[in-house]
Amino acid sequence: MKPLSEKQVSRQRVIMLVDLDYFFAQCEEVRNPSLKDKPVVVCVYSERGGESGVVSTANYEARKHGVKSGIPISVARKRLVNVDAVFLPVDHEYYNRVSEDVMSILKSHADVFEQAGVDEAYLDVSERVEGDFDKAGELARRIKEEVRRSKGLTCSIGVGPNKLVAKIAADSQKPDGLTIVKPEEVQAFLTPLPVNRLVGVGVKTQSIMESLGVKTIGDLAGYDVQRLIELFGEKLGVYFHNASHGVDNRPVKERDEAKSISRISTLKEDTRDLDAIMRKAGELCGEICNELSRRRLRVKQVGIIVVAKDMSVYSRSKTLDPPTSDLEDLKKNVRELFEKLLGESGLEARRVGVRVSGLVKEEGQKPLRAFISRVE
Ligand code: DCP
Ligand code: CA
Ligand code: CA
């Protein structure tokens, strides 16, 4: 066989997944370092008051007591009874600001950058490390150091030949972890792990697989692909087979900026009273305006969402000409939309939401289309 020329050898892909540790709770520790040694529980309190609601996340001190994302706050309280623990409400605005700062650091270290959640991102670094996993390890250490120095946060990084391996690697050592899985190590790394470490294997799939004697990713890799297709269908069967072998060709892709912003909230009680609805909707408009001003955006459409007492959902929207970022302007239009909807329907509102879209930059050049549509 003729040897491949340099050009024909495609570069070994090197992908990182960076995930911030116990993110919301760590943000709380950063702004109040005296929390550091205590269990910290960040809560989503139900808007109908009291102690009902769920745990958003908890720091590792609290996790030692079995407190984790998704459990009821009441259960967390029981597990931390007689412990000097701190319960705090979520503060998304603050976490989003921290997230944006961290993401801009991460972005500066990537050839291609893809934010995959509020606290995690994929970085394709193949070019800058020349396909070399040792160099990627050095880069990962520098990134961890920079995030720690500039924002006071620890993160866990997984490095692998693709997104799937990078993600599982990042999850495998937390907090403050760095796990590098070279291409030749992929199968040995995955083999002993339980199947539910693969995205798409939930409780149900896991129990089906278990009944087939498939407990680990290694078991899955040895299982007949035809049987997998018969059991789970073509798409999932092939995916499970490939994933168990650590094969994943998805590229790291830049994402467009969010094209809309929405906020939805539960009313204290079900109502058709426009003023009561507007007190809540006005707050939501305020939150949206804060985000618009932070991102220097104006909006071309505004809409409302209502979840009625019987759980049916209504929405209405209108175009704003010219685009606006003014709170009073937004509230006036939202009020009109609610007034019209209430006039058209006998609904009693349980949850109300506001959504803006058609986001345009506050300063700089207007997109040409804005002028064209005026002329038409
Ligand atoms: N989150 C939430 N509810 C969930 C899961 C997560 O509100 N059921 C929020 C709080 C988390 C953030 O999303 O801080 C990021 O989620 P992760 O799954 O990455 O979890 P953490 O960052 O909290 O912890 P870890 O250290 O395990 O990554
Ligand atoms: Ca995290
Ligand atoms: Ca995450």
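Whatever comes next refers back to the structure up there.
Counting restarts for each chain: residues are numbered from 1 in the order of the written sequence. Each chain gets a letter, beginning with A, and each ligand a number, beginning with 1, in the order they are written. Per-residue local features are limited, in this predicted model, to residues with pLDDT of at least 70; the limit for side-chain atom pairs, both in listing and counting, is 80 or more; totals at the level of whole chains, interfaces and linings are taken over all residues. Hydrogen atoms and water are omitted, and side-chain values are computed over all heavy atoms in the structure.

Quick look at the coordination of the calcium ion (ligand 2)
For a metal with four donors in a tetrahedral arrangement, the ideal angle between donors is 109.5 degrees, while six donors in an octahedron ideally sit at 90 or 180 degrees.
Step number 1: Taken together, the protein ligands of the calcium ion (ligand 2) are Asp 19 (OD), Leu 20 (O) and Asp 119 (OD), with distances of 2.2 to 2.3 Å.
Step number 2: In this structure, the calcium ion (ligand 2) is coordinated by 6 donor atoms arranged in octahedral fashion, with angles at the metal of 80 to 164°.
Step number 3: Along the chain, the residues that donate to the calcium ion (ligand 2) are spaced as D-L-x98-D.
Step number 4: With water excluded from the atoms, a metal site may look incomplete; its donors are any N, O or S atoms within 2.8 Å, or within 3.2 Å for Na, K and Ca. Here the calcium ion (ligand 2) and the calcium ion (ligand 3) are spaced 3.6 Å apart, and both take Asp 19 as a donor.
Step number 5: Exposure categories follow from relative accessible area, calculated using a 1.4 Å probe and restricted to protein chains: below 20% of the type maximum is buried, above 50% is exposed, and the middle band is partly exposed. Take Leu 20: its relative accessible area is 2%, and that puts it in the buried class. Just to be clear on the cut-offs, tetrahedral is four donors with all angles between 85 and 135 degrees, square planar is four donors and octahedral six with opposite donors over 155 degrees apart and all others between 65 and 115, and anything else goes down as irregular.

Side note on the sheet that holds strand E6 (residues 120-124)
Step number 1: The criterion for strand pairing is that DSSP finds at least two bridges linking the strands in question. A run of H or I in DSSP counts as a helix once it spans at least four residues, and a run of E counts as a strand once it spans at least two, with each numbered from the N terminus. Taken in spatial order, the 5 strands line up as E5-E6-E1-E7-E8 in an open sheet, and their pairing is mixed. The open sheet has two free edges, formed respectively by strand E5 (112-117) and strand E8 (178-180), since each of these has just one partner strand. Averaged over all neighbouring strand pairs, the angle between strand axes comes to 15°, with direction disregarded.
Step number 2: Relative to E6, E5 runs antiparallel, the two sharing 5 bridges. Inter-axis angles, ranging from 0 to 180 degrees, are taken between N-to-C directions of lines fitted to C-alpha atoms, where helices are fitted over the stretch in contact.

A word on the pairing of strand E7 (residues 155-160)
Step number 1: Buried residues dominate E7, accounting for 6 of its 6 residues.
Step number 2: In E7, alternate side chains face the same way, and those of Cys 155, Ile 157 and Val 159 on one face and Ser 156, Gly 158 and Gly 160 on the other are all buried.
Step number 3: In this structure, strand E1 (residues 15-20) lies alongside E7, joined through 6 bridges in antiparallel fashion. Following the sheet pairing, Met 16 is matched in E7 by Val 159.
Step number 4: The pairing of E7 with E8 spans 3 bridges and is classified as parallel. Among the inter-strand pairings, Gly 158 is bridged to a residue of E8, identified as Thr 179.

Quick look at the coordination of the calcium ion (ligand 3)
Step number 1: The calcium ion (ligand 3) binds to the protein through Asp 19 (OD), Asp 119 (OD) and Glu 120 (OE), with metal-donor distances spanning 2.2 to 2.4 Å.
Step number 2: All donors of the calcium ion (ligand 3) come from a single chain, and their spacing in sequence reads D-x99-D-E.

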